[in-house]
Amino acid sequence: MRPEDLRAEIPALERGVYFNTGASGPSPRRVVSAASDVLEHHEYVAPVEEGAYPAAYETFEETREVVADFLGAAPDEIALTDSTADGIARVAAALDWEPGDVVVRTDLEHSAGVVPWWNLRDRGVEVRVLDTEAGRIDLDALADAVADARLLCLNSITWNYGTRLPIADVVEISHDHDTLVLVDAVQSPGQTPVDVREWGADFVAAAGHKWLLGPWGAGFLYVDRSVADGLTPGVAGYRSVADPGADDLELKAGAPRLEVGTTSPAPYRGLIAAIETVEAVGYDTITGRIERLTDRLKEGLGDRLLGPREYESGLVTFDAADPEGLVERLAEEGVHVRSLPYPDAVRASVHVFNTAGDVDALLDAL
């Protein structure tokens with residue numbers, strides 16, 4: 001699929017210049033149709049044919065296999081969640097915390113990677129914040145921070161600077177200290193390949209509604225099998241156990257033990273279609289086009305650029321005297337970006353469906 005064909009399938013792009021995929025990606029028609037079709041089948045046909053539950057479970061298992069293949073994992077290492085925040089929260093709830101345990105997070109984390117650790121405050125868990133510089137981690141400082149920590153949480157691509165963190169190196173350092181690593185990877189799938197084996201992290205949480213251009217409500221959580229079987233879900237339901245009708249209940253093997261109960265199959269069918277669409281375009285095309293367009297944008301921004309000058313991701317952060325006011329003015333002119341709380345700035349998210357004309361429209365409006 002050519003980027004032009006993808007662009008033509010995204011109705012939201014008919015309404016303005018969209019540079020906010022880092023918050024929520026606009027879905028193409030084929031993705032929405034896939035979700036709508038399975039919803040109609042589930043509600044109109046399945047109840048008197050194969051059954052509503054078997055129909056939903058078929059979609060869940062297919063999604064698990066597709067996501068696993070997409071990430072380089074095994075199906076039993078994938079838990080289906082609602083979102084990235086949901087996945088991180090399930091990990092936080094499943095570990096057997098003890099008073100004095102330490103969680104390290106960077107000062108670059110989205111609230112999804114902040115609130116679950118704050119919520120452990122009454123259990124005697126210390127949260128240690130690793131300071132960074134313009135979206136960069138000092139690996140020596142990291143080693144000191146995780147030396148006595150139970151878990152490290154960090155982004156793969158920082159949502160506020162667009163820097164790409166050296167996850168494999170971070171994991172190696174952390175594992176040398178027996179520290180578990182949870183990666184908030186939501187800014188990666190859809191704009192850059194993710195191979196969880198290469199990263200080596202214990203947990204990787206993400207979702208389909210950003211760069212994958214999928215619907216809301218379809219998240220996924222990778223849990224390394226060697227870690228998963230030691231987890232006790234903080235919330236358990238019939239999808240957490242091997243046989244919910246057994247007298248002697250047992251948790252499922254692997255990551256699926258973190259799933260709970262009834263949920264709609266529709267978002268997950270949309271996620272499958274979204275992954276298939278990204279694969280049809282191809283990562284070579286995606287990353288090449290994003291790099292060319294972000295280079296064009298950065299050149300036009302000049303000294304206002306706050307993120308890396310060289311290509312690392314499609315997230316481009318730049319300085320503004322009044323970020324919120326600028327975002328509102330640009331929206332009135334049909335150009336959609338977002339403001340950031342830290343740094344106090346504006347962020348444009350450049351994806352493969354964007355064009356040089358979109359970039360020029362943003363620069364002209366600035």
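You'll find the structure just up there.
Predicted model only: the values in this text are computed from it and were never measured.

About the thresholds
- Residues numbered from 1 in each chain as written.
- Predicted model: local features only at pLDDT ≥ 70, side-chain atom pairs only at ≥ 80, totals over all residues.
- Heavy atoms only, no water.
- Buried < 20%, exposed > 50% of the residue type's maximum accessible area, 1.4 Å probe, protein only.
- Helix = DSSP H or I, 4+ residues; strand = E, 2+ residues; numbered from the N terminus.
- Pairing = 2+ DSSP bridges.
- Phe/Tyr/Trp six-rings, centres within 6.5 Å; stacked < 30°, edge-to-face > 60°.
- Lys NZ or Arg CZ within 6 Å of the ring centre and 35° of its normal.
- Core = buried A, V, L, I, M, F, W, Y, C linked by side-chain atoms within 4.5 Å.
- Contact = heavy atoms within 4.5 Å.
- Axes fitted to C-alpha atoms, helices over the stretch in contact; angles between N-to-C directions.
- Left-handed = near helix turned anticlockwise from the far one by under 90°.
- Nonpolar A, V, L, I, M, F, W, Y, C, P; charged D, E, K, R; others polar.
- Expected span 1.5 Å × (residues − 1).

A. Spotlight on the pairing of strand β12 (residues 345-349). By the criterion of burial, β12 is predominantly enclosed, with five of the five residues buried. As paired strands, strand β11 (residues 338-340) and β12 are joined by three bridges and run antiparallel to one another. Of the residues in β12, the one forming a bridge with Ser339 is Val346.

B. Local environment of the packing of aromatic side chains. Evaluation of the coordinates by the stated rule reveals six aromatic pairs. Judged by centre distance (6.5 Å) and plane angle (65 degrees), the rings of Tyr53 and Tyr238 are edge-to-face. Of this pair, Tyr53 sits in helix α3 (residues 52-71) while Tyr238 is found in the loop between α9 (225-228) and α10 (266-281), placing the two residues 185 residues apart along the sequence. The exposure class assigned to Tyr238 is partly exposed, which follows from its relative accessible area of 30%. With centroids separated by 5.9 Å and ring planes inclined at 55 degrees, the aromatic side chains of Tyr57 and Phe60 adopt a geometry described as tilted. Of the two residues, Tyr57 and Phe60 both sit in helix α3, three residues apart, roughly one turn of that helix. Every member of this aromatic cluster is reached through a ring pair, and the members are Tyr57, Phe60 and Tyr268. When the ring centre of Trp97 is taken as reference, the NZ or CZ atom of Arg150 above it lies at 5.4 Å. If you follow Arg239 out to its NZ or CZ, it ends over the ring of Phe60, 4.3 Å from the centre.

C. Quick peek at the nonpolar core. With 58 residues, the main nonpolar core has Ile78, Leu154 and Val183 as its most contacted residues. In this view, Val183 contacts Leu154, Asn155, Ser156, Ile167, Trp199, Ala201, Phe203, Val204 and Ala205; residues no more than four positions away in its chain are not counted. In terms of nonpolar packing, the next biggest core, distinct from the first, is built from 25 residues, Val125, Leu151, Phe203 and Ala228 among them.

D. Focus on the sheet that holds strand β9 (residues 315-318). Strand order in the open sheet formed by three strands is β9-β12-β11, with antiparallel pairing between adjacent strands. The outermost strands of the open sheet, each flanked by one partner alone, are β9 and β11. Taking the axes of each pair of neighbouring strands and ignoring which way they run, one obtains an average angle of 35 degrees across the sheet. Sheet topology note: the β9/β12 ladder contains four bridges and is antiparallel. From the neighbouring strand, Val316 faces β12, where its bridge partner is Ala348.

E. Structural context of the packing of helix α6 (residues 139-146) against helix α7 (residues 167-176). Remark: α6 packs on α7, axes separated minimally by 9 Å, with the N-to-C direction vectors making an angle of 35 degrees. For the crossing formed where α6 meets α7, the hand is right-handed. Mapping the contact onto sequence places Leu139, Leu142, Ala143 and Val146 in α6 and Asp169, Val170, Ile173 and Ser174 in α7. Here the residues of the contact of α6 with α7 sort into six nonpolar, one polar and one charged.

F. Examining helix α11 (residues 283-301) more closely. For α11, built from 19 residues, the straight-helix expectation of 27 Å at 1.5 Å per residue is met to within 8% by its first-to-last C-alpha distance of 26 Å. All of the buried residues along α11 are Tyr283, Ile286, Thr287, Gly288, Arg289, Ile290, Leu293, Thr294, Leu297, Lys298 and Leu301. Contact partners of the buried residues in α11: α1 (3-8), α3, α10, β9, β12 and α13 (356-365).

G. Structural detail: the sheet that holds strand β3 (residues 102-106). One open sheet holds the seven strands; their spatial order is β2-β8-β7-β6-β5-β3-β4, and the pairing between them is mixed. The sheet is open, and its two borders are formed by β2 (78-81) and β4 (126-130), each paired with just one other strand. Direction aside, neighbouring strands of the sheet carry axes that sit 20 degrees apart on average. Where β2 lies against strand β8 (residues 219-223), four bridges are found, and the strand directions are antiparallel. In the sheet register, Thr81 faces β8, and the bridge partner there is Gly219. Contacting β2, β5 (151-155), β6 (180-184), β7 (203-207) and β8, helix α4 (residues 84-94) crosses the sheet at an angle of about 155 degrees to β7.

The values reported here are purely geometric and, on their own, carry no functional implication.
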